[in-house]
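# Survey of secondary and tertiary structure
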Amino acid sequence: MTLAIESSDLGFSYPDGTQVLEAVDWTVEEGAFQLLVGATGSGKTTLLRQAVPAIAPVGERSGRLRVFGVDPAARPPREAAQTAGYVFQDPASHIVCDTVERELAFGLQNLGVDPPLMRRRLAEVAHFFGIEPWLHRPTAELSGGQQQVLALAACLALRPRIVLLDEPTAQLDPVAGKNFLHGLFRVNRELGVTVVVATHAPAAMADYATDAVALEGGSLARVPLDAFRPRPLADAGGHAAPRADVHAGAGLAIDVRDAWVRFDKASPWVLRGLDAAVTRGSHTALLGGNGSGKTTLLKAISQVMRPERGFVKNALAKGQAFLPQDPRLLFMCDSAMEELQEWQRACGYGDDDVDEMLKRCGLESRVAVHPYDLSGGERQKLALAKLLLTKPSLLLLDEPTKGLDGASKAEVAGLIEEARAAGATVVSATHDLAFARLCATQVALLFDGRVAAAEAPEAFFCDNAFYRPLDDAFARCWRARQEAADTRTRAEEDDAPGGEG
Amino acid sequence: MGAVGELFHPAVAFAWGASTIVLSMAFMQPVLAVVSWAGAALANVACRGLRATAASFAWQAPLMALVALGNFVFAAQGSTELFRIGARAFYLESLVFGCVMALSLSAMLLWFSALFSVATPDDVLDLVGGVLPVTGLLTSMTCSLVPQFTRRGRAVRDVMAANTAAVRASGGAGGASGDPCRARGRRRPLPGAASLRQPLRVLTVVVGWGLEDSLDRAASCKARAWGSGPRTRYRRRGLRRTDALALALVGALALASLVCGLCATDAFAFYPHLRGWAPWGLYAPWAALCLLPSAATLALGGRSGDDAGDRII
């Protein structure tokens, strides 16, 4: 049995002394499709990059590491690139060239491959991934899913023996993620390339994998794949957000009638006569495929985009907060603390409020860190915290749980629920069905520019063929959180005067 | 050159574009200027379509009028007086000179539009990539980054505008209201109080994000063996015999146009009266260079249909 990766007692610490990996014994068989599972910030990226010296982090490494029997640092750069390939999490920031064709050829040019052979390799890889129809397109015009497929194809053009992928589907919607995983599965099974995927959401990948390891506390341990196989979210397993506090007579916060919206005159209509109503104090989750208009509807509600026909009435427009899909759009300062203080004077909240928010988000130890140096989950929490400090009456959230692990999702969902309990109205666009099922009071399905259905979560999800939430890590964390809250509530009631205690 | 242009190596399109642009600027002679302008207009119709060409005319017309009338008003030269205002006379020769300047300027702009409607960044890389490989890669990266930065700038601006809760206490939430939004336009302006700082803040975010991305992009380059040794060059197409013949024809027409055009220009004078019209034969090479490729393109059905996203401009 040939081992693609073998490490013993592998340790790594960053220059500031942070020990990320401790005595890691890691094996990957040749031809395997291994999942490397761990929470956000557990060290998955650090471990993966040890196998690719060109991008290994700066720090102190100890122990032994072999990739196909050789220390990766001992290989010449060209040989190393043809041994181990790497696919990053965010393709948009890692694509180098302006067209698909050139991006595929980039690595081959670096290796000094002869032009005729280059063209042949391009043809092979483009055909394998079905890239030929968009071969000449600008990379800037590709969807997220296409960009990630391109990244994988460009990596495979160099014919590596092993491909290491760092959260490759974290930024993709579920459909694009599934398509990508299927391509990766073919790479592994048909081409025999060893695959290691670092992920905090293994449920979607369990059916493709051959084995899994978990990284926790700097150490690695094997875990059975069955632990990750997806199960449907049963009604008995969790309870939806309480709707008792959304009164029928609460009034409408948002009223959209016959809204027609497009980006510009040359673009097709995104919203086509859409009607929607959001009650004050509710949480409406907008579901729908890519391009169905979820983000556009949020922008129309926030009045950043205006309908060319119809109207959007937003009674809470003066006190709204908008969380974009990429939280980096909100960051203007050099540290997490400065971000939270940026609107302090304008909104009148104090240092105590900032400290309390840091504590609720678990960011006390990260106050001096630049927002871009935070992990994905920490960035999302920081962005949400920044918005919540302004005490908005309307929260517009675009994919608030994207790219987060289960525990981080539960924390974010908790913050959103607290804001709603304090009186805010929430509208969230999301692909996360479990989040919609467990946290929303209303679910609206967008299709063909209109709302195809708008119902309470229990009614919406009870009879779907495709929109079925899974009992994933978030659902389990959310249940645990709810049970802990219920226990605390019961204990407080017991301790109250006149209570059972 | 549209569909015809795609049949030939990019060098042919660039040679044709470069020769027409340079010679347009050199020929200050009425007939040559008219031929140049007509050829440029025809090239635009062939490459960009009638609507885009008309849109170009819409903004060029005032500019042309300014140039033509400027010379007419301020250069009191010539012998054929058209009219007089007080002691100031206005001459036909000044008007003609102004019109020729305006036509030359418009022709040059139209030739640029036509060339860069068919030339892609890939074409630039095909031409310079072998001689200046790092420049070629930088060009390619710039072409992909410019639209990305533009999109991000718009997105940052939209997010700033949408977060009205962050400015309401300062009274700066000028744009947000609870009134129904009727169809008044696609985007609303930023809150008034912060509008002076907004462009700088947008720029700060976009530049900072770009610098962060540069680290990721560098990692992506290194992971694919960038800097590991001499690079080979990826060429989408080589120069075939047909391309070489087309290039030779363009070169020959350009040379003949240069010689004949300079003769015609030297022989002609605007002042004190228009004189020195050259034999019609001297204009033939220039007319062929300006008109033949576009006429061929139109005869073959005009610009290709799937080129919308692939052009520099």
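What counts, and at which threshold
Residues numbered from 1 in each chain as written. Chains lettered and ligands numbered in written order. Predicted model: local features only at pLDDT ≥ 70, side-chain atom pairs only at ≥ 80, totals over all residues. Heavy atoms only, no water. Helix = DSSP H or I, 4+ residues; strand = E, 2+ residues; numbered from the N terminus. Rg over C-alpha atoms; globule rule 2.2 N^0.38 Å. Contact = heavy atoms within 4.5 Å. Areas by Shrake-Rupley, 256 points an atom, 1.4 Å probe, with all protein chains shown as cover. Lys, Arg positive; Asp, Glu negative; His and termini not counted. Charge placed at Lys NZ, Arg CZ, Asp CG, Glu CD. Buried < 20%, exposed > 50% of the residue type's maximum accessible area, 1.4 Å probe, protein only. Core = buried A, V, L, I, M, F, W, Y, C linked by side-chain atoms within 4.5 Å. Pairing = 2+ DSSP bridges. Buried area = accessible area lost by both parts, 1.4 Å probe. Salt bridge = Lys/Arg side-chain N within 4 Å of Asp/Glu carboxyl O. Axes fitted to C-alpha atoms, helices over the stretch in contact; angles between N-to-C directions. Parallel < 35°, antiparallel > 145°, perpendicular 65-115°, else oblique. Left-handed = near helix turned anticlockwise from the far one by under 90°. Expected span 1.5 Å × (residues − 1). Polar contact = N/O pair within 3.5 Å; in protein donor to acceptor, adjacent residues only side chain to side chain. Phe/Tyr/Trp six-rings, centres within 6.5 Å; stacked < 30°, edge-to-face > 60°. Lys NZ or Arg CZ within 6 Å of the ring centre and 35° of its normal.

## Side note on the overall build of chain A
Helices and strands together make up the secondary structure of chain A, namely 15 helices and 18 strands. Here the C-alpha atoms of chain A give a radius of gyration of 24 Å, agreeing with the 23 Å that 2.2 N^0.38 yields for 501 residues. Each principal axis of the C-alpha distribution contributes one length, and for chain A these read about 70 × 65 × 50 Å. When contacts within chain A are restricted to residue pairs at least 6 apart in sequence, long-range pairs at least 24 apart make up 70% of them. Within the structure as shown, chain A displays about 20300 Å² of accessible surface, and the carbon and sulfur contribution to it stands at 50%. Side-chain charges in chain A split into 52 positive and 66 negative, and the spacing between the mean points of these groups amounts to 6 Å.

## Let's talk about the overall build of chain B
A count of helices and strands for chain B gives 10 helices and 2 strands. Counting from the amino terminus, chain B carries its helices and strands in the arrangement α-α-α-α-β-β-α-α-α-α-α-α. Counting every position in chain B, which comprises 313 residues, the buried fraction comes to 46%. By sequence separation, contacts in chain B at least 24 residues apart represent 76% of the contacts at least 6 residues apart. If you sum the accessible surface of chain B, you get close to 14900 Å²; carbon and sulfur atoms cover 69% of it.

## Topic: the nonpolar core
Ranked by size, the top nonpolar core spans 77 residues in total, and within it A:I254, A:L286, A:L297, A:L330, A:L384, A:V427 and A:F474 carry the most contacts. Formed by 52 residues, the second largest nonpolar core is a distinct cluster that contains A:V87, A:L111, A:L152 and A:A176.

## Regarding the pairing of strand β1 (residues 3–13) of chain A
Residues and elements named next belong to chain A. Direction of pairing for β1 relative to strand β2 (residues 19–29): antiparallel, over a ladder of 7 bridges. From the neighbouring strand, S13 faces β2, where its bridge partner is Q19. Taking the residues between adjacent antiparallel strands as the criterion, β1 and β2 are bridged by 5 residues, where G17 takes a positive phi near 95°. Inspection of the sheet shows β1 paired to strand β4 (residues 60–67) by 7 bridges, in the antiparallel sense. Its bridge partner being in β4, S8 is matched across the sheet by R64.

## Things to note about the interface of chain A and chain B
Interfaces are often described in size by the accessible area the parts lose on coming together. Facing the 79 residues of chain A at the interface are 67 residues of chain B. Note on chain A versus chain B: buried area summed over both sides is about 6400 Å², and carbon and sulfur give 53% of it. On the chain A side of the contact with chain B, A:R102, A:R306 and A:L329 bury the most area, a combined 13% of that side's loss. On the surface where chain A and chain B come into contact, there are 3 salt bridges. Across the pair B:R201 and A:E342 runs a salt bridge whose closest N-O atoms are separated by 2.0 Å.

## Here we look at the pairing of strand β3 (residues 33–37) of chain A
All names here are of chain A. Of all the 5 residues making up β3, 5 are buried; the element is thus mostly covered by neighbouring parts of the structure. Side chains of β3 alternate between two faces, with F33, L35 and V37 and Q34 and L36 buried alike. Here β3 pairs with strand β8 (residues 211–216) via 4 bridges, running parallel. Opposite L35, over in β8, you have A212 as the bridge partner.

## Comments concerning the sheet that holds strand β15 (residues 394–398) of chain A
Residue and element names in this part refer to chain A. Taking strand neighbours across the sheet as the criterion, the 6 strands line up as β14-β15-β16-β12-β17-β18 in an open arrangement whose pairing is mixed. The open sheet has two free edges, formed respectively by β14 (320–323) and β18 (450–455), since each of these has just one partner strand. Neighbour-to-neighbour, the strand axes of the sheet open up by a mean angle of 15°, direction not taken into account. In this structure, strand β17 (residues 442–447) lies alongside β18, joined through 5 bridges in antiparallel fashion. By the bridge assignment, L445 is partnered in β18 with A453.

## A word on the environment of A:A452
Residues and elements named next belong to chain A. Checked against the element boundaries, A452 lands in strand β18. Through-space distance from the C-alpha of A452 to that of L274 is 9.5 Å; in sequence the pair is 178 residues apart. Apart from the residues within four sequence positions on either side, A452 is in contact with L445 and F447.

## With respect to the packing of helix α4 (residues 50–74) of chain B against helix α5 (residues 92–118) of chain B
All names here are of chain B. Running from N to C, α4 and α5 point in directions that differ by 150°, and their axes come no closer than 7 Å. Between α4 and α5, the angle is such that the two are roughly antiparallel. Every pair of crossing elements has a handedness; the one defined by α4 and α5 is right-handed. Where α4 approaches α5, its residues S56, F57, W59, Q60, L63, M64, V67, A68, N71 and F72 are matched on the opposing element by S94, L95, F97, G98, C99, M101, A102, L103, L105, S106, L109 and L110.

## Thoughts on helix α3 (residues 30–48) of chain B
Compared with the 27 Å implied by 1.5 Å per residue over 19 residues, the 26 Å span of α3(B) between its first and last C-alpha is a close match. The N-capping residue of α3(B), defined by a side-chain oxygen 2.8 Å from the backbone nitrogen of B:V31, is B:Q29.

## Topic: the packing of aromatic side chains
Inspection of every chain in the model, using the stated rule, returns 23 aromatic pairs over all chains. Seen from their ring centres, A:W260 and A:W269 are 5.5 Å apart, and the 85° between their planes marks the pair as edge-to-face. Judged by centre distance (5.3 Å) and plane angle (85°), the ring pair of B:W16 and B:W111 falls under edge-to-face. You can see B:W16 sitting in helix α2 (residues 10–26) and its partner B:W111 sitting in helix α5, a full 95 residues away along the chain. Neither residue differs from the other here; B:W16 and B:W111 are each classed as buried. These aromatic residues form a ring-pair network of at least three members: B:F97, B:F268, B:F270, B:Y271 and B:W277. A cation sits over an aromatic face here: B:R88 above B:F90, 5.7 Å from the ring centre.

## So, the pattern of salt bridges
A complete count under the given rule lists 32 salt bridges over all chains for this structure. Between A:R75 and A:E79 there is a salt bridge, with the nearest N and O atoms lying 2.8 Å from each other. Classification of A:R75 as buried rests on a relative accessible area of 13%. Assessed through its relative accessible area of 37%, A:E79 is described here as partly exposed. Put simply, A:R420 and A:E417 hold a salt bridge, and the shortest N to O gap is 3.2 Å. Residue A:R420 and its partner A:E417 are located together in helix α12 (residues 406–421), separated by 3 residues, close to a single helical turn. Accessibility assignment for this pair places A:R420 and A:E417 in one class, buried. Via salt bridges that share partners, A:E339, A:E342, A:K386 and B:R201 belong to a single interconnected network.

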